[in-house]
Structures are given as C-alpha cells and as structure tokens.
Amino acid sequence: MGFTTVGVVGAGVMGTGLAQAVAQAGIGVVLVDTGDDVLDRARRRIDEGLRLHRLLARSRGEDGPAPDRAEVQRRIEYTIDLGALARADFVVENITEDVDLKRPVYERMDEVCPPGTVFAANTSVIPITAIGAMTGRPDAVLGMHFMNPVPMRPMVEVIRGHHTSEATVERGRALLDALGKEAVVVADSPGFVTNRVLMLTVNEAAFLVQEGVADAAQVDRLFRECFGHRMGPLETADLIGLDTILASVEGLHTAFADSKYRPCPLLRRMVAAGLLGRKSGRGFHVYDHAK
Ligand code: NAD
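- Naming follows an unreviewed UniProt entry, where the chain appears as 3-hydroxybutyryl-CoA dehydrogenase of Actinomadura logoneensis.
- Looking at the chain in UniProt, the text filed under Pathway (unreviewed entry) is "Lipid metabolism; butanoate metabolism."

Right under this line is the structure:
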C-alpha cells in the first residue's frame, strides 16, 4: 500500500527537510506548526532547500531535471490545525525535543487520526516506548531518526519500541523506500545508537573549548583531517542546533542518571545567549545568514 498524504508535525529544521523530501517523492504533505510566521519561514526554507538540491546534484555531476519548485510546493499544505492530520496515512512528528510539548501533540494526533495510522517519532533521545505510551496505539508507534539535512541523507535510524509491531516497522520501511532511503533498525534505548555516541562526543568537545585546550576550529579540523570525517563535532552541533544538542544531553543525563552525560556549562551559556548554531547565524562558528 502506497502513500497519498504524509503528516509532518513541526516545521523546524527537520520538519521542513522532511516535508521537502516527501513532496519531492511525489507524495502529498500536511505540514503542521503553531503559527503562520513559522509556516512562512518553512515555505521559504523549503524553496531554498529545493534550489540547493539542484546545485548539489550538479556539483556531484548528476544531470537530472531540476525539481519544479512550484509543483513540489503545491503538494504541501501548510497549516496550524493538527486536525488536518486526519487525512494522513502516516505521520512523522518533529516538534521541539521536549516530552512535555510532545505529549499533548501525540494525544491530539491519537484523537484525530484513524486507528491504523502509524506515528513515527523523529526524536533525538526520547525513548520510543515512552512516546508510544502517550497514545492508545503503542503498536503503531516507531522511531524514525532522520539525519539532517533530510533530503540529502540516505540513512535513517529506525527504532522499535517495546510494543512496536512488525507491520509498523514494515510501514516505516515502505515510506523510506518511497523516499529512496535505507534503514538500520535498532532496539529502544535513550539516544538509540547514533545520539548516545554523538551527543557525548559533542558535549566533550564543548568542554575542550571551555577549558581552552583548543578552539572550535581546531577541534573540528582535527576530526576532519585525522579521521576523515566530513564534519567535526562542533560543526555538526551547529548544524543540528545547540538547543537540540543541550536538550538531548540533558535527556541522556536524566535517562541514565550517569554523570558522564552532565551538560557542559559552555553549551548551556551559548543556548541561553541565543547562539544556537546555523539556524541563528552563530554557534561555535559564525554563518553568513540564519538557515
Ligand atoms: P526546531 O527547533 O528547528 O523545530 C521544532 C519545531 O517544532 C518549531 O518550528 C516549533 O514551532 C515546532 N513546535 C513546537 N511545539 C509544537 C506543537 N505543539 N505543534 C506543532 N509544532 C510545534 O527543531 P528540529 O531541529 O527540527 O528538531 C525537531 C525534532 O527532531 C526534535 O525532537 C529533535 O530532537 C529531532 N531531531 C533533530 C535533528 C537535527 O539535526 N536538528 C536530527 C534528528 C532529530
């Protein structure tokens, strides 16, 4: 069974990237956020993402047709009404990394969506079993940890919650297939595989900067040029968003009650100061304009 309409909740960094990828795959999107200003910004980000997509494809020597921006945009309905998700045959939730914000959204989704609709949580560290328990359909809830920028990353970490059914995992795989992406399916644990390792690395890199052992450019250069990583940990943190990084490190700290996850004070201070990385124009590095 294919997909006619995918619901995407949260039109931030991840939600816009995902809406773009889904619409580019020829599938309709209902993109939900809390205000018209956020949705206007989302529309601009998606337009910019489509422009960039063409440039990147060309730089890789690919010669396909440019995405028709107007046509892709026509497939996306921008709305502040969670009730519009009733029409979706699959929903991916990408709102702010905060259990207290996510809970009422899942409760509402559970009310408006027909019983069979699968809910995928695109969270950084929140256990999928806990998210499933916010709904009356824990068997139809799975984790789909997309990577940023979504249209360009071919791999997704898929997480099976305690009650997630095999049919739900298969439905998730089918969506990824439609998007030209692959999955590695893992068991549920805070931070899963990728973020349990990545967040600890980013947090430790922030401690190195705080202690004056190296500056951010040096840290990133060492990772790029010693290990062949495409980006260093602090560039990666800026791309993800330092508010999301801090919330994730705090989430791991709470979940494991292990001091190795204590958030770096420099990270806290940067978030309090509004230095959120690329999306605010400045984080560990400075960017031309906010993305
Ligand atoms: P973001 O801050 O860019 O966007 C979050 C969006 O959620 C905002 O537009 C906000 O207005 C919206 N929102 C908040 N409450 C809402 C509600 N009740 N209803 C509808 N929309 C609401 O954050 P992001 O980076 O896109 O992250 C979103 C989720 O994806 C988080 O759980 C994060 O941990 C996860 N994630 C992020 C990355 C990354 O690289 N940034 C990667 C994988 C997963």
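## Some details on the overall build of the chain
So, step 1. A tally of helices and strands in the chain yields 11 helices and eight strands.
So, step 2. For a compact globule of 291 residues, the expected C-alpha radius of gyration is about 19 Å, and the chain comes in at 19 Å, within 12% of that figure.
So, step 3. In terms of overall dimensions, the chain has a C-alpha envelope of 55 × 45 × 35 Å along the principal axes.
So, step 4. A total of 291 residues make up the chain; the buried ones form 48% of that total.
So, step 5. Sequence separation of at least 24 residues holds for 66% of the intrachain contacts in the chain that already meet a minimum separation of 6.
So, step 6. On the chain, roughly 13600 Å² of surface is accessible, and the fraction owed to carbon and sulfur atoms is 53%.
So, step 7. Placing the 33 positive and 38 negative side-chain charges of the chain at their respective mean positions leaves the two points 4 Å apart.

## A word on the environment of Cys-226
So, step 1. Tracing the sequence through the fold places Cys-226 in helix α8 (residues 216-227).
So, step 2. On the basis of relative accessibility, which here comes to 52%, the residue Cys-226 falls in the exposed class.
So, step 3. Taking the C-alpha atoms as reference points, Cys-226 and Ala-121, separated by 105 residues in sequence, lie 35 Å from one another.

## Here we look at the pattern of salt bridges
So, step 1. The final tally for this structure, using the stated rule, is 13 salt bridges.
So, step 2. Between Asp-47 and Arg-69 there is a salt bridge, with its nearest N and O atoms 3.6 Å apart. Highlighted residues: Asp-47 in helix α2 (residues 36-59) and Arg-69 in helix α3 (residues 69-74), separated in sequence by 22 residues.
So, step 3. The closest approach of N and O atoms between Glu-111 and Arg-108, which form a salt bridge, is 3.1 Å. Residue Glu-111 and its partner Arg-108 are both found in helix α4 (residues 99-112); the two are separated by three residues, about one turn of the helix.
So, step 4. With a relative accessible area of 60%, Glu-111 lands in the exposed category.
So, step 5. With a relative accessible area of 35%, Arg-108 lands in the partly exposed category.

## Considerations on the UniProt feature "domain: 3-hydroxyacyl-CoA dehydrogenase C-terminal" (unreviewed entry) in the chain
So, step 1. Under the feature "domain: 3-hydroxyacyl-CoA dehydrogenase C-terminal" (unreviewed entry), the UniProt entry names residues 191-287.
So, step 2. Secondary structure within residues 191-287 divides into 62% helix and 0% strand; the distance between the first and last C-alpha atoms comes to 28 Å.

## Quick notes on the sheet that holds strand β6 (residues 141-145)
So, step 1. Read across the sheet, eight strands follow the order β3-β2-β1-β4-β5-β6-β7-β8 without closing on themselves; strand pairing throughout is mixed. Both edges of this open sheet fall to β3 (76-79) and β8 (182-187), since each of them pairs with a single strand only. Mean inter-strand twist for the sheet, computed between neighbouring axes without regard to direction, equals 25 degrees.
So, step 2. Bridge analysis of strand β4 (residues 90-93) against strand β5 (residues 118-121) gives four bridges, and the strand direction is parallel. Looking across to β5, one finds that Val-91 is bridged to Phe-119.
So, step 3. Relative to the sheet, α2 contacts β2 (28-32) and β3, its axis offset from that of β3 by approximately 155 degrees.
So, step 4. The sheet contacts of helix α6 (residues 166-178) involve β1 (5-9), β4, β5, β6, β7 (155-160) and β8, and relative to β6 the element is tilted by about 35 degrees.

## Here we look at α4
So, step 1. Between its first and last C-alpha, α4 extends 20 Å over 14 residues, near the 20 Å set by a 1.5 Å rise per residue.
So, step 2. Within α4, burial applies to Lys-102, Val-105, Tyr-106, Met-109 and Val-112. Down the axis of α4, the buried set is contained in an arc of 130 degrees. They therefore lie on one face. Among the exposed residues of α4, those pointing more than 90 degrees away from its buried face are Asp-100 and Glu-111.
So, step 3. Those residues of α4 that are buried lie in contact with β1, β4, β5 and α5 (128-132).
So, step 4. Measuring from the side-chain oxygen of the N-cap residue of α4 to the backbone nitrogen of Asp-100 gives 2.8 Å; that N-cap residue is Asp-98.

## Some details on the domain arrangement of the chain
So, step 1. For the chain, the assigned domains are domain 1 (5-187) and domain 2 (194-280).
So, step 2. Centre-to-centre, using C-alpha coordinates, domain 1 lies 25 Å away from domain 2.
So, step 3. In this complex, domain 1 contributes 11 residues to the contact, which on the side of domain 2 involves 11 residues.
So, step 4. Here domain 1 and domain 2 share an interface that buries about 840 Å² over both sides, 58% of which is from carbon and sulfur atoms.
So, step 5. On the domain 1 side of the interface with domain 2, the three residues burying the most area are Ser-124, Val-125 and Asn-148, jointly 45% of the side's total.
So, step 6. On the surface where domain 1 and domain 2 come into contact, there are five residue pairs in polar contact (both at pLDDT 80 or more).
So, step 7. Of the residues contributing to the side of domain 1 that touches domain 2, the split by class is four nonpolar, three polar and four charged.

Definitions and cut-offs
Residues numbered from 1 in each chain as written. Predicted model: local features only at pLDDT ≥ 70, side-chain atom pairs only at ≥ 80, totals over all residues. Heavy atoms only, no water. UniProt positions renumbered as here; feature names shortened; annotations may be inferred. Helix = DSSP H or I, 4+ residues; strand = E, 2+ residues; numbered from the N terminus. Rg over C-alpha atoms; globule rule 2.2 N^0.38 Å. Buried < 20%, exposed > 50% of the residue type's maximum accessible area, 1.4 Å probe, protein only. Contact = heavy atoms within 4.5 Å. Areas by Shrake-Rupley, 256 points an atom, 1.4 Å probe, with all protein chains shown as cover. Lys, Arg positive; Asp, Glu negative; His and termini not counted. Charge placed at Lys NZ, Arg CZ, Asp CG, Glu CD. Salt bridge = Lys/Arg side-chain N within 4 Å of Asp/Glu carboxyl O. Pairing = 2+ DSSP bridges. Axes fitted to C-alpha atoms, helices over the stretch in contact; angles between N-to-C directions. Expected span 1.5 Å × (residues − 1). Arc of directions from axis to C-beta. Polar contact = N/O pair within 3.5 Å; in protein donor to acceptor, adjacent residues only side chain to side chain. Domains from an automatic or database assignment. Buried area = accessible area lost by both parts, 1.4 Å probe. Nonpolar A, V, L, I, M, F, W, Y, C, P; charged D, E, K, R; others polar.

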